[in-house]
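Take a look at the letters that make up each chain.
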Amino acid sequence: MVHALSKFVAHCIEPAGIDFVVFKGVTLAHQYYPDVGLRPCRDIDIAVRPEHLERLVRIAIEAGYILRAPNGRGGAITEERDIRALMTYARSAVLISSEGIAIDLQPGIDKFSGIFDGIDVLGNPHHLDLGGRHVPVLSDALVFNYLCHHHARHLWSKLHWITDIDAVLKSPGFDLAKSLQLADLLGQRGTVDGTLQLHALASDPGSWRENTDQAHAHGAQFLRLCLENLAGDVAL
């Protein structure tokens, strides 16, 4: 996974001078987990500016990557009219590397709610050493807020999403106060507080039924949604 990311950056992104950040699975594993094998991931998520998305897709196609629909289904998209339609209506793309690794290109870190639109996440990224290459990633506070938002929108329908929260909270140097300040700025303090309640409940299985009072109400709802939707890939 790291090799595929490094190759894509070296062959497609850097020569074009395109701003980007890598987020979600592969970076979470290396930033926050004590062993990268503890965090499963099935693709590489990269965010670019919307105006750079189509150019990057076309560069990747020229470099031998296979373009597919954002859901990863169906065959390769090769016809010009289909590429234009995908760029116009889907506003995201999945590229398959020669190793069979899916690279999910997004016009920003969240294209649905607009909650992060007021923050230039590509303008001042942090950097992470992955396989000897420094790649831009999100700050701790932005990672935490993104995870709370994304995982709640998908109804906590994967158990490793709860471990993401645990891994970030236990990460050396993580500043929860900064994350809460950002949550207030983004207008999602309720979601973040509910996530912290969920983490507290999930950390103590014996308290699941008892701690459903007002102090844990939102967390208990998140926990119920998680258990009811473990088939995964559910979204609001």
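Look up a bit, the structure's there.
Everything numeric in this text was worked out from a predicted model, so none of it was measured. (Residues numbered from 1 in each chain as written. Predicted model: local features only at pLDDT ≥ 70, side-chain atom pairs only at ≥ 80, totals over all residues. Heavy atoms only, no water.)

1. Looking at the pairing of strand 1 (residues 20-23)
Phase 1 of the analysis: Burial along strand 1 is two-sided: Phe 20 and Val 22 and Val 21 and Phe 23, pointing in opposite directions, are all buried.
Phase 2 of the analysis: Sheet topology places strand 1 next to strand 2 (residues 43-48); four bridges connect them, and they run antiparallel. By the bridge assignment for strand 2, Phe 23 is matched with Asp 45. (Buried < 20%, exposed > 50% of the residue type's maximum accessible area, 1.4 Å probe, protein only. Helix = DSSP H or I, 4+ residues; strand = E, 2+ residues; numbered from the N terminus. Pairing = 2+ DSSP bridges.)

2. Details of the packing of helix 3 (residues 50-62) against helix 4 (residues 80-90)
Geometrically, a packed helix pair is captured by the angle between its two axes and the distance between the axes.
Phase 1 of the analysis: Running from amino to carboxyl end, helix 3 crosses helix 4 at an angle of 145°, the nearest separation of the two axes being 10 Å. For the pair helix 3 and helix 4, the sense of crossing is right-handed. Side by side, helix 3 and helix 4 meet where Leu 53, Glu 54, Val 57, Arg 58 and Ile 61 of the first sit next to Glu 80, Ile 83, Arg 84 and Met 87 of the second.
Phase 2 of the analysis: When the residues that make up the contact of helix 3 with helix 4 are grouped by side-chain class, the tally is five nonpolar, no polar and four charged. (Axes fitted to C-alpha atoms, helices over the stretch in contact; angles between N-to-C directions. Left-handed = near helix turned anticlockwise from the far one by under 90°. Contact = heavy atoms within 4.5 Å. Nonpolar A, V, L, I, M, F, W, Y, C, P; charged D, E, K, R; others polar.)

3. Quick look at the side chain of Arg 39
Phase 1 of the analysis: Considering the arrangement of structural elements, one finds Arg 39 in the loop between helix 2 (25-32) and strand 2.
Phase 2 of the analysis: Overall, Arg 39 belongs to the buried group, its relative accessible area being 8%.
Phase 3 of the analysis: A polar atom in the side chain of Arg 39 sits 2.8 Å from the side chain of Asp 164.
Phase 4 of the analysis: Look past the residues within four positions of Arg 39 in its chain and what remains in contact with it is Gly 25, Leu 28, Ala 29, Tyr 33, His 160, Trp 161 and Asp 164. (Polar contact = N/O pair within 3.5 Å; in protein donor to acceptor, adjacent residues only side chain to side chain.)

4. Thoughts on the sheet that holds strand 2
Phase 1 of the analysis: Spatial strand order, 1-2-5-4-3: five strands in an open sheet with mixed pairing. Two strands close off the open sheet at either side, each with one partner strand: strand 1 and strand 3 (66-68). Within this sheet the neighbouring strands show an average axis-to-axis angle of 30°, counted without direction.
Phase 2 of the analysis: In the sheet, strand 3 pairs with strand 4 (residues 93-96) via three bridges, with the strands oriented antiparallel. Directly across from Ile 66, in strand 4, lies its bridge partner Ile 96.

5. Some details on the pattern of salt bridges
Between side chains of opposite charge, a pair can form as their charged atoms come close.
Phase 1 of the analysis: Under the defined criterion, the tally for this structure stands at 13 salt bridges.
Phase 2 of the analysis: Across the pair Asp 164 and Arg 39 runs a salt bridge whose closest N-O atoms are separated by 2.8 Å. Taken together, the positions of Asp 164 in helix 6 (residues 159-169) and Arg 39 in the loop between helix 2 and strand 2 put the pair 125 residues apart, joining distant regions of the chain.
Phase 3 of the analysis: A salt bridge links Asp 184 to Arg 189; the nearest nitrogen and oxygen atoms lie 3.1 Å apart.
Phase 4 of the analysis: Here Arg 189 falls in the partly exposed class, since its relative accessible area comes to 31%. (Salt bridge = Lys/Arg side-chain N within 4 Å of Asp/Glu carboxyl O.)

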